[in-house]
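One-letter residues, chain by chain:
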Amino acid sequence: MAKAFSVAVWNIRHFGSNATDAKIERAVNFLKDQKADICGILEVTSSKVYTYLMRLMPNYTFFVTEGEQTQEILIAVKKNITVFLTQKTEFKSGQVYLRPGVLVTPCIDGQYYPLVFLHLKSFADPKGYGLRYDMLNRAFDFRKVLNRAHTNPGPANYIFLGDLNTMGLNFSYNTDLITGVKEISNLDKMARRRGMQRLSKTHELTWWNSKDEYAPGSNLDHIIAVDHLTFKNFGGSNVDVRGWVQETTLAKMKKWIKDYSDHCLLYFEVDKV
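Keep in mind the model is a prediction, meaning the values are calculated, not measured.

K.L.:
Please explain the packing of aromatic side chains as it appears in this structure.
P.N.:
On inspection of all chains with the given rule, the structure shows 12 aromatic pairs. Here Phe30 and Trp256 contribute two aromatic rings whose centre-to-centre distance is 5.5 Å and whose plane-to-plane angle is 80 degrees, an arrangement assigned as edge-to-face. Residue Phe30 is found in helix H1 (residues 21-33), and its partner Trp256 is found in helix H5 (residues 250-259); the two are separated by 226 residues along the sequence. In this pair, the class of Phe30 matches that of Trp256, namely buried. Taking the centre distance of 5.4 Å and the plane angle of 50 degrees together, the rings of Phe30 and Tyr260 count as tilted. Remark: Tyr260 occurs in the loop between H5 and strand S15 (265-271) and Phe30 occurs in helix H1; sequence separation between them is 230 residues. Neither Phe30 nor Tyr260 differs from the other in exposure class; each is buried. Within the aromatic cluster, the residues linked to one another by ring pairs are Trp10, Phe30, Trp256 and Tyr260. The ring of Tyr260 has Arg26 sitting right over it, with the charged end atom 6.0 Å from the ring centre.

In structure tokens form, the structure reads like this:
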């Protein structure tokens, strides 16, 4: 299949805040090296990063969310790709300080491919879990909006992606809990009911705090797409996970996290419809 476009999404923890100039430049160069047509950076917290992005990625244009939240989503798009960008405040679930979503719609050979970049609420307490569940329902229901507006034959193309923070639910007052694995299983069920799927990744674990003596990590970052879309194959998976998971020793993993981010970057290529 011919490639329509490529996407990279990466949560760079507190990107810009308390980061040295060398660390910011290192992260931007790593992002640039992926050569993705569309990039989403999550957790941008300082305007310091803009100078590096514009200097090191001159063939991209940039968009950043705005609001009362302290962490923004920044989108970079290659200048040869035509896109429509919109900040989507409904994904804040009525919470002023939550991060909005970003709708990025590239047009390739007359076909529209809407992508919603999300950074959902963290924490395993009931409030955090409940807000994530509400945001996910809004993301899935957005497919109905796209289908109603779709003019080409068949259902609309649609992908939502980012740090979905699938860390589970832990009740402090008893032993009942929903593990991260169970929350992901529930996410998969929600997707199947709506004709969508969570794309397979070369590595399931995408986040690690680097503080444990071993590297269990967590499976927090995901790509959800409608069933009729197809993607480039990376050794049997749809998404190539790039970062600390590719290192061969714990020491190298910890160094990568220190130098770049506790999240890995997710890269994938969408086939033309």
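K.L.:
Help me out: how do you make sense of the pairing of strand S6 (residues 101-108) in this one?
P.N.:
Regular strands show a simple pattern: their side chains alternate between the two faces of the sheet. Counting buried positions along S6 yields seven of eight residues, so the element is predominantly enclosed. Two elements, strand S5 (residues 83-88) and S6, share six bridges in a ladder whose sense is antiparallel. Residue pairing in the sheet places Gln87 in a bridge with Val102 of S6. In terms of strand pairing, S6 meets strand S8 (residues 115-119) through three bridges, oriented antiparallel. Opposite Val102, over in S8, you have Phe117 as the bridge partner. As judged from the two bridges shared by S6 and strand S7 (residues 111-112), these two strands associate in the antiparallel manner.

Thresholds applied
- Residues numbered from 1 in each chain as written.
- Predicted model: local features only at pLDDT ≥ 70, side-chain atom pairs only at ≥ 80, totals over all residues.
- Heavy atoms only, no water.
- Phe/Tyr/Trp six-rings, centres within 6.5 Å; stacked < 30°, edge-to-face > 60°.
- Helix = DSSP H or I, 4+ residues; strand = E, 2+ residues; numbered from the N terminus.
- Buried < 20%, exposed > 50% of the residue type's maximum accessible area, 1.4 Å probe, protein only.
- Lys NZ or Arg CZ within 6 Å of the ring centre and 35° of its normal.
- Pairing = 2+ DSSP bridges.

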